[in-house]
Amino acid sequence: MSYTYLITGATSDVGRALIERLLTAAPDATVLAQGCGDLEKLADLCARFPGQVRPFDVDLSDRAKVDTFVQVLAASAPAPTHFIHLPALPVVNAKFKAFDQTRFDRDLEIQVHSAVRLCRAVLPAMAKARFGRVLWRATGGPPKNPAAYVMAKSAIGGLVKSLAVEYARFGVTVNCVAPSMMETNFLKDTPDLIVQAAAEENPMGRNATPADVVPAMAFLLSDEARFITGVTLPVTGGSAIV
């Protein structure tokens, strides 16, 4: 069975690392890769895996554009066997009294509302095929004061549990990975002192990297993880238990 991976937020550091791992292991797989204004980040992967990476430029904060994306996929792409939802606005370290409602609303559209619309599009086919993998990224220990980010991730966590129970009997698993602070472009708006402090507080003495997190993601997407659903897997270097 050849797999089709729909990856939103595919242009992120984690998204690109995951694409490389998946296609290296499965030369007959296809990746439907969503980005927003930054598809040039996928150029190297498109060159290395010709014909296997299909980029889509979609603004997930716009519901009409998400709906159009769904229509384009239905008309021109194989039904996804795997759906990995990674997009989010870079986390902002700000106290709640400085809460940016406009930014939060946009991030909620990107992280949650687009996920709901895409799941409604892809889950029926997965259920009919009696096979599917759905994976999100949660948080395994956010930096201080990111109320907007934590609220969006909490909404995703509820959706994961609900879908996991509903679709388990169809052979569709729904899970999360929850890394601790991960040093990627996602932290570009986070002060260096906070990033350094998180590394010092981690039992392993450093922050996570995509190379630490992607193998856990690949496992939850694999056939071997067929009896694991509704879980949030911490990838935290031990910080989740101290």
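For the structure itself, look to the data block above.
If you're wondering where the values come from, they're calculated on a predicted model, not measured in any experiment.

The rules behind each value
Residues numbered from 1 in each chain as written. Predicted model: local features only at pLDDT ≥ 70, side-chain atom pairs only at ≥ 80, totals over all residues. Heavy atoms only, no water. Helix = DSSP H or I, 4+ residues; strand = E, 2+ residues; numbered from the N terminus. Expected span 1.5 Å × (residues − 1). Bend = angle between axes of the 7 residues up to and from the residue. Polar contact = N/O pair within 3.5 Å; in protein donor to acceptor, adjacent residues only side chain to side chain. Buried < 20%, exposed > 50% of the residue type's maximum accessible area, 1.4 Å probe, protein only. Pairing = 2+ DSSP bridges. Right-handed = clockwise from strand over helix to strand, strands pointing away. Phe/Tyr/Trp six-rings, centres within 6.5 Å; stacked < 30°, edge-to-face > 60°. Salt bridge = Lys/Arg side-chain N within 4 Å of Asp/Glu carboxyl O. Arc of directions from axis to C-beta. Contact = heavy atoms within 4.5 Å.

> Whenever I open this one, helix α4 (residues 101-129) confuses me. Can you help?
Note on helix geometry: an α-helix contains 3.6 residues per turn, so any two residues three or four positions apart are oriented the same way. In this model, α4 (29 residues) spans 41 Å end to end at C-alpha, consistent with the 42 Å of a helix rising 1.5 Å per residue. The largest bend in α4 amounts to roughly 40° and is located at Glu109. The distance from a side-chain oxygen at the start of α4 to the backbone nitrogen of Thr102 is 3.2 Å, and the residue carrying that oxygen is Asp100. The first or second residue beyond α4 is Arg130, which carries a positive phi of 60°.

> Before we go on, may I ask you to explain the pairing of strand β1 (residues 4-8) in this structure?
A regular strand carries its side chains on alternate faces of the sheet. Burial analysis of β1 places 5 of its 5 residues in the buried class, which makes it a mostly covered element. Alternating positions in β1 separate into two faces, Thr4, Leu6 and Thr8 on one and Tyr5 and Ile7 on the other, with burial throughout. Pairing analysis gives 5 bridges linking β1 to strand β2 (residues 30-35), with the strands arranged parallel. Residue pairing in the sheet places Thr8 in a bridge with Gln34 of β2. For the crossover that starts at β1, traverses helix α1 (residues 13-25) and ends in the parallel β2, the hand is right-handed. As defined by bridge partners, β1 adjoins strand β4 (residues 82-85) across 4 bridges and the pair is classed as parallel.

> Can you walk me through the packing of aromatic side chains in this structure?
For any pair of aromatic rings, the description consists of the separation of the ring centres together with the inter-plane angle of the planes. In total, this model carries 7 aromatic pairs according to the counting rule given. Linked through ring pairs, Tyr3, Tyr5 and Phe131 together constitute an aromatic cluster.

> I would appreciate a short explanation of the pattern of salt bridges in the present structure.
Opposite charge on two side chains allows them to pair when their charged atoms are near. Counted under the stated rule, the structure contains 5 salt bridges. The salt bridge involving Arg16 is made with Asp13; its shortest N-O contact spans 3.2 Å. Taken together, the residues span about one helical turn, with Arg16 and Asp13 both in helix α1 at a distance of 3 residues. Exposure remark for Arg16: the relative accessible area of 24% places this residue in the partly exposed category. In this structure Asp13 comes out as partly exposed when scored by relative accessible area, which is 25%. We note a salt bridge from Arg206 to Asp212, for which the minimum N-O separation is 2.8 Å. For Asp212, a relative accessible area of 27% puts it in the partly exposed group.

> Teacher, can you tell me more about helix α5 (residues 147-167) here?
Compared with the 30 Å implied by 1.5 Å per residue over 21 residues, the 30 Å span of α5 between its first and last C-alpha is a close match. Listed as buried for α5 are Tyr149, Ala152, Lys153, Ile156, Leu159, Val160, Leu163, Ala164 and Tyr167. Buried residues along α5 cover an arc of 135° about the axis, so they all sit on one side. Exposed residues lying more than 90 degrees from the buried face of α5 are Lys161 and Val165. Lining the buried residues of α5 we find α4, β5 (132-137) and β6 (172-179).

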